[in-house]
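# Coordinates in review
Below are the chains, spelled out letter by letter.
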Amino acid sequence: MAEATQARSRGRLLFLLPVAVFAVLAGLFLVRLGGEDPSRLPSALINKPVPVFSLPPLEGLTANGQPVPGLSNEDLKGRVTVVNVWASWCAPCRQEHPLLVDLAKDPSIRVVGINQKDDPDNARRFLGSLGNPYAAVGTDRNGRASIDWGVYGVPETFIVGPDGTIRHKHIGPLTPENIEGFKARLREIPRA
């Protein structure tokens, strides 16, 4: 009789083991899900020079009657620069755009864009209807430069110091709730 009781106990334990493992894993998942801010994913590029890249301009884009230039790593030296990776097909890019337009009004900050995997006509229409905050726009038609920057998806925004070093990476759209924190990060960067 004792053997039968032990066999039932082992059977229950074997039945409960997967349930216990599942409960532990679910608990860990929930802690990670509710824990850190997903826009604060670590980047191996922080405090490192921007990747070497050279992107052509968005064809036909003008500002004040002059063509808006393309973008390269050499353009990101000499002053604090905000690099925004965006696309016209990206709904969060449309939502954050007024904040970028406002940010570009600060003469101590240069705002530039990397237009990722976009149709040039759509990108020009996007900027034509919402305003162009960008001093330069590089077109990354195949997404290769964005990969080199470690972009997970659009929009993402980087702060580059005057020495050409990536100082901060913001994943996701800039919003009224997080723009003050982003501006505080900008103020931390010494000007050239």
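Coordinates for the structure precede this section.
Residues numbered from 1 in each chain as written. Predicted model: local features only at pLDDT ≥ 70, side-chain atom pairs only at ≥ 80, totals over all residues. Heavy atoms only, no water.

## A few points about the sheet that holds strand β8 (residues 156-160)
The test is simple: DSSP calls a pair of strands paired once it identifies at least 2 bridges connecting them. Counting from the N terminus, the helices are the DSSP runs of H or I reaching at least four residues and the strands are the DSSP runs of E reaching at least two. Here an axis means a line fitted to C-alpha atoms, over the contact stretch when the element is a helix, while the angle between two N-to-C directions is reported on a 0 to 180 degree scale.
Read across the sheet, 5 strands follow the order β7-β6-β5-β8-β9 without closing on themselves; strand pairing throughout is mixed. Unpaired on one side and paired on the other, β7 (137-140) and β9 (166-171) mark the two borders of the sheet. Going from strand to strand, the sheet's axes swing by 20° on average, the running direction of each strand aside.

## Details of the pairing of strand β5 (residues 81-86)
If a strand is regular, its side chains alternate between the two faces of the sheet. Put simply, the rule is: For every residue, the accessible area obtained with a 1.4 Å probe (protein chains only) is divided by the maximum for its type, and the residue is called buried under 20%, exposed over 50%, and partly exposed between those limits. Looking down the strands as they point away from you, a crossover is right-handed if its path from the first strand over the helix to the second goes clockwise.
The element β5 is extensively covered by neighbouring structure, given that 6 of its 6 residues are classed as buried. The two faces of β5 match: T81, V83 and V85 on one face and V82, N84 and W86 on the other face are all buried. Considered for its hand, the β-α-β crossover made up of β5, helix α2 (residues 91-103) and strand β6 (residues 110-116) is right-handed. Of the strand pairs in this sheet, β5 and β8 are connected by 5 bridges, and their pairing is antiparallel. Looking at the pairing, T81 lines up with V160 of β8.

## Focus: α2
Spelled out, the test is: To estimate how far a helix should extend, the number of its residues minus one is multiplied by 1.5 Å. At any given residue, the bend is defined as the angle formed between two axes, one fitted to the seven residues that end at that position and one fitted to the seven that begin there. Only heavy atoms matter for contacts: two residues are in contact if any of them lie within 4.5 Å across the pair.
A rise of 1.5 Å per residue sets the reference length of α2, with its 13 residues, at 18 Å; its end C-alpha atoms lie 19 Å apart and thus fit the reference within 8%. At H97, α2 shows its maximal kink, close to 40°; a proline, P98, follows between one and four residues later. C93, E96, H97, L99, L100 and L103 are the residues of α2 that are buried. Those residues of α2 that are buried lie in contact with β5, β6, α3 (120-130), β8 and α5 (179-188).

## A few points about the pattern of salt bridges
The line we're drawing: One side-chain nitrogen of Lys or Arg within 4 Å of one carboxyl oxygen of Asp or Glu is enough to make a salt bridge.
Counted under the stated rule, the structure contains 8 salt bridges. Between K183 and D102 there is a salt bridge; the shortest N-O distance is 3.9 Å. Of this pair, K183 sits in helix α5 while D102 sits in helix α2, placing them 81 residues apart in sequence. Taking the shortest distance from any N to any O, the salt bridge between E180 and K183 comes out at 3.9 Å. Here K183 and E180 lie together in helix α5, a separation of 3 residues that amounts to about one turn. Accessibility expressed as a relative area gives 47% for E180, which makes it partly exposed. What emerges from the salt-bridge pattern is a single network uniting D102, E180 and K183.

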